[in-house]
Amino acid sequence: MEAEPKIRVLMVSDFFFPNFGGVENHIYYLSQCLLKLGHKVVVMTHAYGNRTGVRYMTGGLKVYYVPWRPFVMQTTFPTVYATLPIVRTILKRERITVVHGHQAFSTLCHEALMHARTMGYRVVFTDHSLYGFADVGSIHMNKVLQFSLADIDQAICVSHTSKENTVLRSGLPQAKVYMIPNAVDTAMFKPASVRPSADHVITIVVISRLVYRKGADLLVEVIPQVCRLHPNVRFVVGGDGPKHVRLEEMREKHSLQDRVEMLGAVPHSRVRSVLVTGHIFLNSSLTEAFCIAILEAASCGLLTVSTRVGGVPEVLPDDMVVLAEPDPDDMVRAIQKAISILPSINPEEMHNRMKKLYSWQDVAKRTEIVYDRALKCSNRSLLERLSRFLSCGAWAGKVFCMVMIIDYLLWRLLQLLQPDDDIEEAPDINFINDKK
Amino acid sequence: MVSSSLSDKRYIYIHESGSEASRGVIDIHHVIIKGSRATSCLKGLAFFLVGLAIIIYYLPGKDNPGRTLSWSCLLSGFFVMIQSRKFVKKESVIIMPTFGIQLETQYLSGKTVSRFIPIGKILKPVLVECVTPVTCYWSLSLFLRGEEQLTLVFKELRPSMKMLVPIWKALCGVIGTDQSEMITEEHVVSG
């Protein structure tokens, strides 16, 4: 008979598989490691096309694809109160103790956190990105974040820079914010058994979405200069996006068709096979809270050249990365330096160091500590919680209080219409790995 | 002969079968909706609306608002009466070993809709979790040969797990599915 799970976590985000990205990967790997530690993890996300209902993934990870339509950039349409019934049902069915929301841009996450707080559950939030302060979109987003985080138990950020950014944007006390970096699956990202020779041709690999944020415009400036200065360098560019056209134009203009190979979108399962063909990995992001891509590259034994933005300087040791300002000339200088130190790089040794520095098991253990701290937080009454919202702003504070009061009343109404006892608990189904 | 019955806030489950010893006996499972008072209230409401419509129509004085109101009452009354035909009173599963199963739905109006599924057509009975935008509930469904969609055993009603499990086990027994193949280990939660 299996022991009762210690903590029962509900991970909520708009971003989960089959959509692919950093947040999705993070939630999946963290959930798998928490399951191995003996906890129960359930994921809640919105439906992706035909994929609705309950699905089970590896290790018995239960995923609820709730049939809410996504509206902009894979986020659910924000209705504020309409998700209360389904969130309540899932929390009761699975006997959840901690709700863990991911990503500030996810409306489902914010709504679920709000409802969970109203119903008295412990709430943890992880912020995966950096946001600005000055433009209209950021101002509104930060206000929403202030509301959402005013009442949570603990928050997690993926780098110290991200922690500063989150604390400034949301006004959370620093003591409540923990820093737990992302990790990489070093078992999947291994160097090639035979390293490609760097004597004749040096290959620089770029794998990113070709969008403004990821510095695709910088690439357009940097690639021709490097190709001109180093005749033995070739580039491999994986990824797709709106800036793809600019890169194609650059190839045409400088006749670099044989020196710059464009692979198009690379599925994650093939990223490693692309990385191991290279010697240097180039990251030109303009903003990055953490940057898992350079971890993957370092795990495959590539020397990294990256822009010094956001949380990037915190990710790798100084001898594994060459940093540059997000300026074409500085990046060219950094690539030249990388080429000169390339002979001293040992991919196997790099990979072994990465194995020790980063692992998802470590992330899971640290997250478990955060959950324990969250569970120890005392339960606050509605009035105490409302007083926290009032400090969010002159008008905003009052609006937030009204929103929470209405949420509380709707919850009580739901309890009258469908009492807690009517919600059946779902049995825990344990999947045994070996076949009988 | 009633061999077991269960009751919760919304439904009553009744299991009729022969004695335990004799196999090959027809097994009947009923799920009956509670709240017959609610349904008679609905009928009463429908008649009240029709009556009110007639009275307002024949009231002396100003015509136009009265006439409009009376027509709307009449229409609402008819609407309630038509909708009440769709209200389900009982759903049953009649299991005939080696022959097939019959799914019956009995409505308030007395109409019964039934569907017979021969035993050879059933691949597996499964308990699935259905997720809607506002709730999540268990339902018993059948995988049928040649059909892409699952067939619901209870189309209108949503009985609880403790009522569905004995029916699922009975269906597994009839089809010959080994229940232990279907789930490796189950931790059943009481309450």
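Quick notes on the rules
- Residues numbered from 1 in each chain as written.
- Chains lettered and ligands numbered in written order.
- Predicted model: local features only at pLDDT ≥ 70, side-chain atom pairs only at ≥ 80, totals over all residues.
- Heavy atoms only, no water.
- UniProt positions renumbered as here; feature names shortened; annotations may be inferred.
- Helix = DSSP H or I, 4+ residues; strand = E, 2+ residues; numbered from the N terminus.
- Phe/Tyr/Trp six-rings, centres within 6.5 Å; stacked < 30°, edge-to-face > 60°.
- Buried < 20%, exposed > 50% of the residue type's maximum accessible area, 1.4 Å probe, protein only.
- Pairing = 2+ DSSP bridges.
- Axes fitted to C-alpha atoms, helices over the stretch in contact; angles between N-to-C directions.
- Core = buried A, V, L, I, M, F, W, Y, C linked by side-chain atoms within 4.5 Å.
- Contact = heavy atoms within 4.5 Å.

Colleague: Can you help me understand the UniProt feature "domain: PIGA GPI anchor biosynthesis" (unreviewed entry) in chain A in this one?
Modeller: The feature "domain: PIGA GPI anchor biosynthesis" (unreviewed entry), as given by UniProt, occupies residues 46-135 of chain A in the numbering adopted here. Regarding residues 46-135 of chain A, the helix share stands at 24% and the strand share at 31%, and the terminal C-alpha atoms are separated by 28 Å.

Colleague: Where do I start with the packing of aromatic side chains in this structure?
Modeller: Per the stated rule, a full pass over the model turns up twelve aromatic pairs over all chains. Aromatic pair A:Tyr48 and A:Tyr65: ring centres 6.3 Å apart, planes at 80 degrees, arrangement edge-to-face. One end of the pair, A:Tyr48, is in the loop between strand 2 (40-46) and strand 3 (53-57); the other, A:Tyr65, is in strand 4 (residues 61-66), and 17 residues separate them in sequence. The class of A:Tyr48 is buried, set by a relative accessible area of 12%. With a relative accessible area of 0%, A:Tyr65 lands in the buried category. Their ring planes at 45 degrees and their centres at 5.3 Å tell us that B:Phe99 and B:Phe116 sit as a pair that is tilted.

Colleague: Where do I start with the pairing of strand 5 (residues 100-107) of chain B in this structure?
Modeller: When a strand is regular, its side chains alternate between the sheet's two faces. Residues and elements named next belong to chain B. Counting buried positions over the eight residues of strand 5 gives six, a clear majority of the element. Taking the residues that link successive antiparallel strands as the turn, the strand 4 (residues 88-96)-strand 5 hairpin has three residues, and the phi of Thr98 there is positive, at about 65 degrees. In this structure, strand 5 lies alongside strand 6 (residues 112-118), joined through seven bridges in antiparallel fashion. Pairing of Ile101 across the sheet is with Ile117, part of strand 6. Taking the residues that link successive antiparallel strands as the turn, the strand 5-strand 6 hairpin has four residues, and the phi of Gly110 there is positive, at about 100 degrees.

Colleague: How should the sheet that holds strand 3 (residues 27-33) of chain B be read in this particular structure?
Modeller: Pairing between sheet strands relies on hydrogen bonds along the backbone, with the strands arranged either parallel or antiparallel. Residue and element names in this part refer to chain B. Spatially, 1-2-3-4-5-6 is the arrangement adopted by the six strands of the open sheet, whose pairing is antiparallel. For this open sheet the edge positions go to strand 1 (2-7) and strand 6, each flanked by a neighbour on one side alone. This sheet shows a mean twist of 10 degrees between the axes of neighbouring strands, independent of strand direction. Note that strand 3 and strand 4 share six bridges and pair antiparallel. Counted as the bridge partner of Asp27 is Ile95 from strand 4.

Colleague: When you look at the environment of A:Ala426 in this model, what are you seeing that I'm missing?
Modeller: All names here are of chain A. Checked against the element boundaries, Ala426 lands in the loop between helix 14 (394-417) and strand 17 (428-430). For Ala426, a relative accessible area of 1% corresponds to the buried category. Between the C-alpha atoms of Ala426 and Gln174, which are 252 residues apart in sequence, the distance is 38 Å.

Colleague: For this particular structure, what's the right way to read the nonpolar core?
Modeller: The nonpolar side chains of soluble globular proteins are, as a tendency, buried together. Residue and element names in this part refer to chain A. Residues Ile223 and Leu275 are the most contacted members of the largest nonpolar core, which totals 99 residues. Look past the residues within four positions of Ile223 in its chain and what remains in contact with it is Phe235, Val237, Leu247, Met250, Leu256 and Val260. Val99, Met141, Leu172 and Trp411 belong to the second largest nonpolar core, which has 39 residues in total.

Colleague: Is there a simple way to explain the sheet that holds strand 16 (residues 321-324) of chain A in this structure?
Modeller: Residue and element names in this part refer to chain A. Spatially, the six strands line up as an open sheet ordered 13-12-11-14-15-16, and their pairing is parallel. The open sheet terminates on both sides in strands that have one partner only, identified here as strand 13 (260-264) and strand 16. Across the sheet, the mean angle separating the axes of adjacent strands is 20 degrees when strand polarity is ignored. Examined bridge by bridge, strand 15 (residues 303-307) and strand 16 share four bridges and lie parallel to one another. Bridge pairing in strand 16 links Ser306 to Leu323. Against the sheet, helix 9 (residues 292-299) contacts strand 14 (280-283) and strand 15, and its axis sits at roughly 175 degrees relative to strand 14.

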